[in-house]
Every structure is written in C-alpha cells, then in structure tokens.
Amino acid sequence: MRLGEHPILEFKKGKEVTIYFNGKPIKAYEGETVASALYAAGVRIFSRSFRFHRPRGFFCAIGKCSACMMEVDGIPNVRTCKVYVRDGMQIRTQTGTPDAEKDRFAALDDIIDRLFPHGAHYKRFTTPRILREFMMKQMRKFTGFGNPPKAVYEGKAEFEEIEADVAVIGGGPGGMSAAIYAARAGAKVVLMDENPFLGGQLVKQTHRFFGSGRHRAGTRGIKIATILEDELKELENVDVRKETKVFGIYDGVVAAVQKDEKLLKVKPKKIVVATGAYERTLIFENNDLPGVYGAGGVQTLMNVYGIKPGDVGLIVGSGNVGLILTYQLMQAGIKVAAIVEAMPRIGGYFVHAAKVRRLGVPIYVNHTVTKAIGKECVEAAEIARLENWQIVEGSQRVIDCDFICVAVGLSPTHELLYQAGCEMKFVPELGGLVPIRNKYGETTVNGLYVAGDVAGIEEATAAIMEGRIAGVDAAIKLGYGGDEAIKIREEVVKDLEEFRSGPFGERIVAGLKKVVVA
Amino acid sequence: MRVAIIGGGIVGLATAYNLAKDGVDVVVFERKYLLYGASGRNSGGITAMLNNERLIEMAKKSMKIYDEVQSEIGFNFLYRKDGYIKVASTENDLNKLKEEMNLQKRMGVKVKQIDANEVKDFIPDFNADAVIGGVYGEGGVIFPWPVIWGYAKGCRELGVDVKDYTTVEEIVVKDRAIDGVKANGEFFKVDFIVNAAGAWSNEISRMAGVELNNKIIKEEICVTESLKPYLDPYLLDVTTGIYLSQSMRGEIVGGIVGNEVESIDVKGSLDFLVKYAKRAVELIPKLKGLCILRQWAGVYDEGKDIPNISTTNVKGFIQANGFGKFGMCLAPAAAIEVTRLIRKT
Ligand SMILES: Cc1cc2nc3c(=O)[nH]c(=O)nc-3n(C[C@H](O)[C@H](O)[C@H](O)COP(=O)(O)OP(=O)(O)OC[C@H]3O[C@@H](n4cnc5c(N)ncnc54)[C@H](O)[C@@H]3O)c2cc1C
Ligand SMILES: Cc1cc2nc3c(=O)[nH]c(=O)nc-3n(C[C@H](O)[C@H](O)[C@H](O)COP(=O)(O)OP(=O)(O)OC[C@H]3O[C@@H](n4cnc5c(N)ncnc54)[C@H](O)[C@@H]3O)c2cc1C
Ligand code: FES
C-alpha cells in the first residue's frame with residue numbers, strides 16, 4: 001500500500017527495519033511513522049472504543065484524534081502516527097482482548113446498551129453495599145485505556161526560558177508571514193509549530209494556486225511554503241522551533257513542548273496566534289469505521305507519508321478541498337468512485353470541478369452519504385438524494401469503495417484564544433468561533449494577535465496578508481520599523497481589502513463586519 | 001418551617017438532604033451549575049487520618065454515611081476503598097504523621113506506620129528513595145460528581161427545590177432575625193438560612209450583616225490520559241503537598257494542596273504543572289511521559305474552626321462553611337450536625 005511513482009512528489013525509502021506488532025514481525029522503513037508502517041502492512045484496526053469496543057483505525061495522521069494510541073516499548077498511550085519506526089520496536093494494541101484486531105468484546109457493540117445502558121454505572125447495583133462494591137471491582141477491570149506503564153520513559157525532560165519581542169504560534173503561511181514581517185521590522189521573533197516542517201496546510205497542496213499573479217497564483221502550495229521558509233532563513237532574528245506544540249498561554253507566557261522532551265517557557269511582549277483550522281466531520285451511520293477519513297488525514301497519508309489510503313474512494317463535499325483532493329488521489333493512481341455534495345451546486349471553483357469531471361469522476365449534487373458499510377473497515381458506502389435537506393426514501397444506493405473521505409469544511413483552531421481569555425463570537429461566514437479584533441488583528445487580550453484561518457476560514461493568500469499585518473503591527477507597537485513599517489502595514493491592509501472585494505470575498509467581508517472593531 | 005440553603009456544593013446538598021428527611025421544607029440556591037464549586041473540582045480523597053478529635057470523629061462517621069446513603073438514594077458514588085497513604089520526606093513531617101497516627105489509632109481509625117519500602121506493597125512502582133516513610137490507613141477515593149448528582153437526586157425525590165443558576169443577591173434581616181432571601185430578583189420568605197457557599201461564604205455572611213473571616217484557598221489539579229488500573233490507594237506527600245490517585249475512568253488525578261489567596265479566581269497556572277509533574281515522577285517514575293489532558297483550579301474556604309457550624313447573632317442565620325481541604329471527608333456527617341443545630345434553635 002506504499003505509493004511508488006508520483007508525478008510531483010518523491011518518496012525516499014529509508015533502511016529496512018523490523019518492528020513487532022503484537023509479537024508479529026513487520027517490515028518497515030526508517031523515516032516512516034509506526035502508524036503508517038502498520039497501515040502499509042495491512043493493519044486496519046489500531047484500537048477499540050472504550051465502551052462499545054468498536055474498531056478505530058488510522059484517522060487524522062497528525063496526533064490529534066488518539067485512535068492510533070498503542071503501547072510502544074512498554075510506554076502506554078503512544079500516538080503511533082507521531083513516532084518513527086526503530087529496528088526491534090515492540091508495539092502492542094492496548095484495547096481489546098486479546099488484541100484490538102481480534103477483540104472478543106467486540107460483541108459488546110450490539111448488546112451493551114441493553115445490558116448496561118448509559119449511566120448504569122451510577123444507577124444499577126447500588127444496593128446492598130456488598131453488591132455495589134463487588135460491581136465496582138468488576139467495573140474497574142474494564143476501565144482505562146492505556147496499559148499500565150512497563151518502563152520508564154527515556155525521553156529527556158529539559159527546560160528552556162526564551163525572551164522575545166514576538167512569539168508566533170503556528171508555522172503555516174499566516175504564521176510564517178507574521179514572523180517575517182515582524183523580524184524585518186527589527187523585532188526578535190520566535191516561531192513555533194507542532195510539525196517537523198513549516199508550511200501548515202500548504203505542504204499538503206501539490207496543486208497550483210488560484211488567485212491573482214501578484215499573490216503567487218500558479219505556484220504550487222508546497223512551493224509557497226518553501227519560498228516563505230527561505231525568506232525566514234535569511235532573517236537572523238527569528239528563532240524557529242519545529243515539533244513544538246504550544247499548549248497554553250498563561251498571563252502572556254507561552255508554554256510549549258518541543259519534541260516531547262523540552263518544556264519551553266516563552267516570555268514575549270506580543271503574541272501572534274496563527275494556528276489555522278481543523279476539519280469538521282459529518283454525522284452518518286458508522287462514521288467511526290476505519291476507512292472514514294477527513295481530507296487532511298488522506299492528504300497527510302498520501303503526500304507526506306506516501307501511503308495509499310485505499311483503492312477506491314468516495315469523497316463527501318465538493319468544495320475546493322474535496323475537488324483538489326480528488327485529483328490528488330487520481331494523481332497517485334487511486335480511483336475515486338464519486339463526489340457527493342449536499343448542496344444543489346458544486347461548492348468549489350469551476351476550474352477544479354471541470355478538471356475532476358474531465359477525469360471521469362461523477363459529482364452528485366443534492367446527495368449525501370448516509371451510511372458506511374463494513375464490519376471492521378469500510379467495504380462500501382450508502383448514499384442518498386436530498387430534497388430540502390431531507391433524505392428521499394428509496395433513493396439510497398450503494399457505492400463500492402474502500403474508503404470515504406469527508407471534506408465538509410474547516411473550523412478555526414480557537415482553543416488557545418479561548419484559554420488566553422479572548423472575547424469570542426460564533427460567525428458562520430468565518431467557519432465558527434473567532435475572536436473579536438481590530439483591523440490589525442489584535443484581539444481583546446492586549447498584545448495578542450490573530451492571523452490566518454484561525455481568524456476565519458479563508459485562503460492562504462489572505463492568511464499571508466493577515467500574518468504580515470499582525471507581524472508588522474506588533475513590531476510597530478514595540479517601537480520597531482519607523483515610518484517605513486507603518487507604510488508597509490497600510491499597504492498590506494489596502495491590498496487585503498482589494499483581494500476581498502471580488503465576489504468570492506463577499507461572504508468573508510460580511511463575516512468580518514461582525515468581529516472587526518475599530 | 002422553611003429553610004433556604006445557599007450553595008449547591010456537597011455541604012449545601014447534604015444538609016438539604018438531611019433536613020428534608022426530617023420533613024423540613026427546603027430550597028437550595030446555586031448560583032451556577034451543580035459542580036461549579038469546590039465540590040465539583042476536587043480530588044475525592046476520603047480519609048479519617050486527620051489531626052484532631054472532632055475531625056476524625058466526623059470523617060469516620062461520614063465514611064459510614066457514604067455507605068448508607070448510596071443505598072438509600074440508589075446512586076453509586078464510585079467510592080473505591082483502596083486505602084490512603086501519606087508519605088513524608090523530612091523527619092519533622094514524619095514525626096507529625098506519627099503523632100497524628102497515635103491519636104487516630106486511639107480513636108479507632110485503622111492506620112499503620114510504613115517505611116519507604118513498604119509503600120511498594122501498595123504502589124509497586126513507587127520510588128522508595130523519594131521519601132523517608134509514611135502511614136497507611138483505611139479510606140480511598142470517591143468520584144465527586146456522582147456524590148453531588150446523587151445527593152441532588154435524593155434531595156429532589158424528597159421534595160427539595162434545588163435551584164441551579166439562581167444567585168442569592170440579598171438576605172433580608174428584620175429585628176436581627178432572618179426574614180427571607182432574594183434570589184434572581186424573587187423574594188423567598190424563610191425561617192432559616194444556611195450559609196454553605198464555600199469560598200463565597202464571606203460574601204454571603206456580609207449580606208446578613210455578620211462578619212466571617214474565612215481564609216480563601218485556591219488549589220490546582222490536573223488529570224492525565226487514562227490508564228488501566230495502575231494506582232490503587234490515594235497518595236499524599238505531606239512534605240510537598242502533592243497528591244495523586246486514579247479515577248474510575250483511569251486518569252491519574254493529581255494536584256498540590258492549595259495556598260491562601262486574596263480574591264477568588266479559578267485559572268490554572270504553568271508553575272503548578274511544572275511543580276506537580278516534577279514531584280509526581282519522582283514519586284512514581286513510570287508516570288514520566290504521560291500526557292496531561294486537563295488542568296483546572298478550585299477554591300474553598302478554611303474557617304478558624306474547621307468546619308464552622310454555628311449560629312450567629314442574626315436569628316436563623318446558620319454558618320456551615322470553612323471546611324478547608326476536607327469537605328468531601330466531612331460533609332455527610334457535618335450535615336447531620338447542621339440539621340440538629342437548626343432543630344435546636
Ligand atoms: C486541500 C486544500 C487546498 C487549498 N487550496 C488553496 C489554494 O489553492 N489557494 C489558497 O489561497 N488557499 C488554499 N487553501 C487554504 C490554505 O491552505 C489555508 O487557508 C492556509 O493554509 C491557512 O494558513 P494558516 O497559516 O492560517 O494556517 P495553517 O496553514 O493551517 O497553519 C497552521 C499551523 O499551526 C500549527 N499549529 C496549530 N496549533 C498549534 C499549536 N498549539 N502549537 C504549535 N503549532 C500549532 C498547525 O500544525 C499548522 O502547521 C487550501 C486548503 C486545503 C486544505
Ligand atoms: C483541587 C481541590 C482538591 C480537593 N481535594 C479534596 C479531597 O481530596 N478530599 C476532600 O475531602 N476535600 C478536597 N477538597 C476540598 C473540598 O472540595 C471542599 O472542602 C468542599 O467541596 C467544600 O464544599 P462546599 O459545599 O462547602 O463548597 P462548594 O462546593 O464550593 O459550594 C459552594 C457553592 O456556593 C455557590 N454560591 C456562591 N455564591 C452564591 C450565591 N450568591 N448564590 C447561590 N450560590 C452561591 C457556588 O457557586 C458553589 O457552587 C479539594 C478542593 C479542591 C479545590
Ligand atoms: S492521533 Fe494518530 S491517527 Fe489520530
């Protein structure tokens with residue numbers, strides 16, 4: 001299931017190693033994550049859900065969903081999509097008896113609601129005391145997710161305190177631009193991103209960008225990431241920390257963990273949050289079955305790890321992401337059975353839709369997915385026609401596919417803003433909860449800025465410009481850059497207004513009216 | 001007779017439950033949701049290994065009441081009785097533990113001294129080098145949420161009006177006696193008011209014109225990702241104030257005994273995480289590398305008397321607060337005392 005040839009991407013295989021999965025040897029290559037190596041070897045069930053023992057498979061591929069947690073060399077709850085294979089590694093599934101794949105308790109899925117309905121652990125077998133205490137002992141045996149730790153984690157536990165003018169959280173186009181513009185104005189910047197690479201969403205984008213020439217249209221997304229990173233490298237006053245996850249903002253102090261072994265306490269004068277967005281999911285029967293993915297998961301699997309998500313896919317959602325993903329899949333030699341779209345029209349740009357059509361992929365508008373079919377992983381999907389958002393009885397039909405990819409939009413990754421105390425507002429036009437801010441991106445928390453998708457779901461072009469504005473404004477407020485910086489800031493503000501003035505910008509502009517205060 | 005209880009924490013609800021069992025007409029006011037106060041934020045450590053006779057007596061009784069009340073109400077509080085360990089790393093602290101143990105033993109608490117190595121009998125992965133000794137006794141961990149839900153259920157079944165999202169704004173006193181209480185703009189005529197508002201008790205007391213200077217303590221706590229059964233007893237390191245135990249969901253729940261603060265806030269801090277994590281992995285090295293899922297803080301009040309159960313110079317205004325860091329251990333029995341006090345007045 002590894003991708004061999006790819007027209008745009010190149011996959012270098014590392015040295016062959018052997019890892020052990022529930023005792024069984026599996027071949028893998030250095031540089032692969034454990035989860036991708038297992039997936040490539042045909043493993044589909046990575047864990048079981050807590051109560052119903054339903055199968056859980058490779059899902060987000062970026063350490064966020066916890067479906068891939070296993071015991072690795074005696075350490076429990078390791079996100080196997082985030083650790084790389086090493087020769088001789090011992091990997092065990094944690095849930096299910098004897099293991100996640102052959103779980104005897106899978107039968108609970110059908111019966112537990114009858115035997116032990118939700119909340120029963122509080123309400124049943126409460127009396128007499130003897131029975132209650134006996135039941136507690138039995139219940140406890142079924143609790144917990146990770147195995148008890150068998151070894152002492154060998155990772156380092158270091159600490160570093162960093163002082164900076166501007167801390168930028170998120171290394172996508174928004175964050176990188178903020179760092180570049182703050183640093184060019186003279187500020188000392190630290191840029192943190194949780195991934196081992198910079199670029200955020202861009203690195204998944206093998207296609208040429210849309211938009212005007214001035215805004216790098218025609219350039220592939222991955223290329224834009226490289227250009228920005230090169231610009232960053234030229235600046236000595238930017239400290240880039242990759243694999244560094246920010247977990248909190250405590251009264252202006254940014255707390256992060258670098259490579260899982262170093263705690264960073266960053267004390268900046270200004271903060272730019274550019275954490276991007278996460279994918280929404282959709283509710284339908286069996287939507288937790290292994291083989292149901294988000295678009296990002298499939299892109300990561302394919303474009304980052306070089307692994308085929310399956311042979312035939314069904315794409316849900318015809319926005320740009322769904323369309324682009326479709327031809328990325330085709331590029332990688334994977335069939336797409338169809339695209340379903342609940343709206344009466346295609347959501348994405350015409351150019352993308354036309355390309356997909358030319359490749360022979362049908363797009364069914366007024367359709368949705370109603371069910372994933374399969375026992376342990378997706379074997380087919382049921383779709384149905386919608387009229388006034390209601391399923392038309394009798395219109396259901398089965399589509400043959402072995403994976404389903406949900407691409408129904410993004411929501412801002414707003415958690416840090418909430419925790420830092422920003423005043424937030426739900427704005428559907430911007431994709432969800434976004435912070436109140438001024439035109440330079442400064443939120444209601446003094447000195448805390450936002451830029452990019454976290455401020456409202458838009459495009460890389462807008463993210464870049466918002467990043468520049470926030471970065472340069474933060475620097476200006478700290479006394480850097482002089483009149484030149486102010487000129488730059490006002491230019492970009494104007495540029496961004498122009499960019500949004502077209503028909504595609506209407507929705508965004510309407511949304512911004514609700515949150516941007518003078 | 002009608003009684004208003006201010007505060008829907010364990011003290012308020014347990015008191016309401018006991019009064020209602022006695023046939024009293026009770027209304028409980030909770031400003032936010034049930035669980036908002038310290039009763040929804042604590043670590044559920046249950047022990048009678050306390051440091052004076054009154055507290056030990058009260059805690060012993062409470063442990064018995066927990067057993068009975070769960071059957072009575074038909075609700076499982078997930079009270080896991082796998083013991084309570086206190087360890088110390090200075091001679092001074094260890095001597096204090098021993099002294100207290102002698103008192104506890106005299107009063108019939110099942111407790112024994114253990115050396116650092118014997119801690120491993122209860123927690124096999126414990127690092128004996130981290131401490132010099134300790135005590136082990138009966139007790140364990142209760143899950144605070146079902147305690148509150150359960151008491152609230154019991155109250156409602158007995159006809160108590162438990163009003164959440166209802167803020168007490170004013171206490172009406174006439175001729176130095178309680179006339180009633182105003183909550184969310186509505187007036188309730190009552191004969192008694194029980195001030196069970198935890199950390200907010202000083203404010204409530206002021207509304208009745210009674211000075212109460214309970215200390216306000218903020219305490220921080222966090223949970224890790226869940227593990228299968230790993231840690232049986234509740235562990236408290238008295239020297240550093242760090243404690244940890246395992247919930248029925250499998251999470252390692254742990255915190256640091258709180259400090260006095262000027263004003264109420266429930267924000268979590270980075271300093272807490274660092275201090276907690278450092279000591280927790282010294283005590284149990286295999287916890288290293290576990291992810292922390294959530295952190296939060298709670299506030300409680302400590303009276304000059306712990307707890308403060310008393311009448312005041314305003315007739316009908318009863319104090320039931322100041323439980324300090326032992327509210328979960330003490331409240332069930334304390335509630336009976338409050339009920340008696342009201343009956344007597
Ligand atoms: C398939 C697809 C196609 C697209 N095509 C186009 C296109 O053709 N043209 C266009 O203009 N736009 C396009 N976009 C949109 C564009 O990619 C995004 O709008 C843009 O990447 C947003 O940039 P950002 O910097 O705000 O966020 P992101 O690119 O999402 O970057 C955010 C970064 O922050 C990191 N992060 C988040 N939280 C933390 C934390 N707590 N600690 C550390 N790091 C953190 C994330 O891992 C990520 O790397 C496309 C998007 C997709 C998914
Ligand atoms: C982190 C932490 C760990 C702890 N660990 C333990 C432990 O292991 N064992 C133990 O025994 N104890 C422990 N405690 C202490 C215990 O939680 C408290 O002693 C106990 O919960 C106090 O209960 P209470 O009912 O007095 O107060 P609370 O539970 O705080 O209830 C008071 C209620 O009054 C309400 N209120 C305030 N003002 C008004 C108003 N104007 N109108 C209406 N309602 C109002 C509040 O919203 C609140 O819900 C811990 C506490 C914390 C914070
Ligand atoms: S956390 Fe690894 S697949 Fe989601």
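Fair warning: this is a prediction, and the values are worked out from it, not measured in the lab.

S.K.: If you had to explain the site of ligand 2 to someone new, which residues and values would you point to?
M.R.: Residue and element names in this part refer to chain B. The local shell around ligand 2 holds 39 residues, among which Glu30, Ser39, Ser43, Gly45 and Gly324 are the closest. Contacts to ligand 2 include Asn42, whose side-chain N or O atom sits 3.3 Å from an oxygen atom. The contact in question runs from a nitrogen atom of ligand 2 to an N or O atom on the backbone of Lys325, over 2.9 Å. In isolation ligand 2 offers 1000 Å² of accessible surface; the protein chains occlude 98% of this area. Those elements that provide at least two residues to the shell around ligand 2 are α1 (10-21), β13 (215-226), β17 (292-302) and α8 (327-344).

S.K.: Explain the sheet that holds strand β18 (residues 308-311) of chain B residue by residue, including any values.
M.R.: Residues and elements named next belong to chain B. Here we have six strands laid out as an open sheet, ordered β8-β2-β1-β12-β19-β18, and mixed in their pairing. Taken across any chain shown, the strands that pair with only one partner, and hence form the sheet edges, are β8 (161-163) and β18. Strand-to-strand twist of the sheet, defined as the mean angle between neighbouring strand axes without regard to direction, takes the value 15°.

S.K.: Any chance you could break down unusual backbone geometry for me, citing the residues and the numbers?
M.R.: Note the cis peptide between A:Thr97 and A:Pro98, where omega equals 0°. With respect to the secondary-structure elements, A:Pro98 resides in the loop between β7 (90-92) and α2 (108-115). A:Thr127 connects to A:Pro128 through a cis peptide bond whose omega is 0°. Checked against the element boundaries, A:Pro128 lands in the loop between α3 (120-123) and α4 (129-141). Not every positive phi belongs to a glycine, and A:Asn286 is a case in point at roughly 65°. Along the polypeptide, A:Asn286 turns up in the loop between β14 (277-279) and β15 (292-294). The phi torsion at B:Asp175 lies on the positive side, around 50°, for a residue other than glycine. Checked against the element boundaries, B:Asp175 lands in the loop between β9 (168-174) and β10 (177-183).

S.K.: Describe in detail the domain arrangement of chain B, supporting the description with residues and values.
M.R.: Residue and element names in this part refer to chain B. You can read the domains of chain B as domain 1 (2-75 + 144-214 + 304-344) and domain 2 (84-137 + 215-302). Centre-to-centre, using C-alpha coordinates, domain 1 lies 27 Å away from domain 2. The interface is formed by 31 residues belonging to domain 1 together with 30 residues belonging to domain 2. Buried area between domain 1 and domain 2, summed over both chains or domains, comes out near 2400 Å², and the portion from carbon and sulfur atoms is 66%. The largest share of the area that domain 1 buries against domain 2 comes from Arg41, Ser43 and Met49, three residues that together contribute 30% of it. Where domain 1 packs against domain 2, one counts zero salt bridges. Across the contact surface, domain 1 and domain 2 share 11 residue pairs in polar contact (both at pLDDT 80 or more). Elements with a minimum of two residues in the side of domain 1 that touches domain 2: β3 (45-47), α2 (53-73) and α6 (201-207).

S.K.: Would you mind going over the interface of chain A and chain B in detail, with residue names and values included?
M.R.: With 40 residues of chain A at the interface, the matching set in chain B holds 41 residues. Buried area between chain A and chain B, summed over both chains or domains, comes out near 3200 Å², and the portion from carbon and sulfur atoms is 58%. Of all residues in chain A, the largest losses of buried area upon contact with chain B belong to A:Tyr122, A:Met136 and A:Arg140, amounting jointly to 24% of the total for that side. Taken together, chain A and chain B are joined by five salt bridges. The shortest N-O distance in the salt bridge between B:Glu225 and A:Arg79 comes to 2.7 Å. Inspection of the region where chain A meets chain B yields 22 residue pairs in polar contact (both at pLDDT 80 or more). Contributing elements (two or more residues each) for the side of chain A that touches chain B: β6 (75-79), α3, α4, β11 (244-250), β12 (253-258) and β13 (262-273) of chain A. With six residues, α4(A) is the largest single contributor of residues to the side of chain A that touches chain B. Classifying every residue of the side of chain A that touches chain B gives 19 nonpolar, 11 polar and 10 charged.

S.K.: Residue-level account of the nonpolar core, with values.
M.R.: Ranked by size, the top nonpolar core spans 85 residues in total, and within it B:Ile5, B:Leu13, B:Tyr66, B:Tyr151, B:Val194 and B:Leu330 carry the most contacts. The two domains that each donate at least three residues to this core are domain 1 (2-75 + 144-214 + 304-344) and domain 2 (84-137 + 215-302) of chain B. If near-sequence neighbours (up to four positions away) are discounted, B:Tyr151 is found in contact with B:Leu13, B:Ala14, B:Tyr17, B:Ile65, B:Val69, B:Ile73, B:Phe77, B:Pro146 and B:Pro332. Core analysis: the second largest hydrophobic core is formed by 48 residues, A:Ala28, A:Tyr39, A:Cys81 and A:Tyr293 among them.

S.K.: Can you break down the pattern of salt bridges residue by residue, with the values?
M.R.: All chains considered together, the criterion is met by 50 salt bridges over all chains. Where A:Glu160 meets A:Lys262, a salt bridge forms, and the shortest distance between an N and an O atom there is 2.7 Å. In this pair, A:Glu160 sits in strand β8 (residues 158-169) while A:Lys262 sits in strand β13, placing the two residues 102 residues apart along the sequence. A salt bridge links B:Glu72 to B:Lys21; its shortest N-O distance comes to 2.8 Å. Separated by 51 residues along the polypeptide, B:Glu72 in helix α2 and B:Lys21 in helix α1 bring together distant segments of the chain. Owing to a relative accessible area of 45%, B:Glu72 belongs among the partly exposed residues under this scheme. The class of B:Lys21 is partly exposed, set by a relative accessible area of 45%.

S.K.: Explain the sheet that holds β15(A) to me, using residue names and the numbers behind them.
M.R.: Residue and element names in this part refer to chain A. Ordered by their spatial adjacency, five strands build an open sheet running β15-β23-β16-β17-β18, and the pairing between neighbours is parallel. In the strand order of this sheet, the two ends are held by β15 and β18 (363-365), each with one partner. The sheet shows a mean angle of 20° between the axes of neighbouring strands, taken without regard to direction. Sheet topology places strand β17 (residues 335-341) next to β18; three bridges connect them, and they run parallel. Across the sheet, residue Glu341 finds its bridge partner in β18, namely Val365. The strands touched by helix α7 (residues 295-304) are β15 and β23 (403-406); relative to β15, the strand with the most contacts, the crossing angle is about 90°.

S.K.: If you had to explain helix α12 (residues 482-500) of chain A to someone new, which residues and values would you point to?
M.R.: It helps to recall that an α-helix has 3.6 residues per turn; residues three or four apart then point in one direction. Residue and element names in this part refer to chain A. An ideal rise of 1.5 Å per residue puts 27 Å on 19 residues; α12 measures up with 28 Å between its terminal C-alpha atoms. Taken residue by residue, α12 has Ala485, Arg489, Val492, Val493, Asp495, Leu496 and Arg500 as its buried positions. Buried residues of α12 fall within an arc of 165° about the axis and therefore sit on the same side. Exposed residues pointing more than 90 degrees away from the buried face of α12 are listed as Asp483, Lys494 and Glu497. Turning to α12, the residues buried within the fold contact α11 (460-477) and α13 (506-513).

S.K.: Go over the packing of aromatic side chains with me, naming the residues and quoting the values.
M.R.: Evaluated as defined, the whole model comprises 21 aromatic pairs over all chains. When the ring of B:Phe29 is compared with that of B:Phe188, the centres are 4.9 Å apart and the planes differ by 70°; the resulting orientation is edge-to-face. Taken together, the positions of B:Phe29 in strand β2 (residues 25-29) and B:Phe188 in strand β11 (residues 186-189) put the pair 159 residues apart, joining distant regions of the chain. In this structure B:Phe29 comes out as buried when scored by relative accessible area, which is 1%. Three or more aromatic residues joined by ring pairs make a cluster, and in this case those are A:Tyr122, B:Phe75, B:Phe143, B:Trp145 and B:Trp149. Just above the ring of A:Tyr39 sits the side chain of A:Arg44; from NZ or CZ to the centre is 3.8 Å. For A:Lys355, the ring lying beneath its charged end belongs to A:Tyr327, and the centroid distance is 3.9 Å.

Definitions and limits used
Residues numbered from 1 in each chain as written. Chains lettered and ligands numbered in written order. Predicted model: local features only at pLDDT ≥ 70, side-chain atom pairs only at ≥ 80, totals over all residues. Heavy atoms only, no water. Near = heavy atom within 4 Å. Polar contact = N/O pair within 3.5 Å; in protein donor to acceptor, adjacent residues only side chain to side chain. Areas by Shrake-Rupley, 256 points an atom, 1.4 Å probe, with all protein chains shown as cover. Helix = DSSP H or I, 4+ residues; strand = E, 2+ residues; numbered from the N terminus. Pairing = 2+ DSSP bridges. Axes fitted to C-alpha atoms, helices over the stretch in contact; angles between N-to-C directions. Domains from an automatic or database assignment. Contact = heavy atoms within 4.5 Å. Buried area = accessible area lost by both parts, 1.4 Å probe. Salt bridge = Lys/Arg side-chain N within 4 Å of Asp/Glu carboxyl O. Nonpolar A, V, L, I, M, F, W, Y, C, P; charged D, E, K, R; others polar. Core = buried A, V, L, I, M, F, W, Y, C linked by side-chain atoms within 4.5 Å. Buried < 20%, exposed > 50% of the residue type's maximum accessible area, 1.4 Å probe, protein only. Expected span 1.5 Å × (residues − 1). Arc of directions from axis to C-beta. Phe/Tyr/Trp six-rings, centres within 6.5 Å; stacked < 30°, edge-to-face > 60°. Lys NZ or Arg CZ within 6 Å of the ring centre and 35° of its normal.

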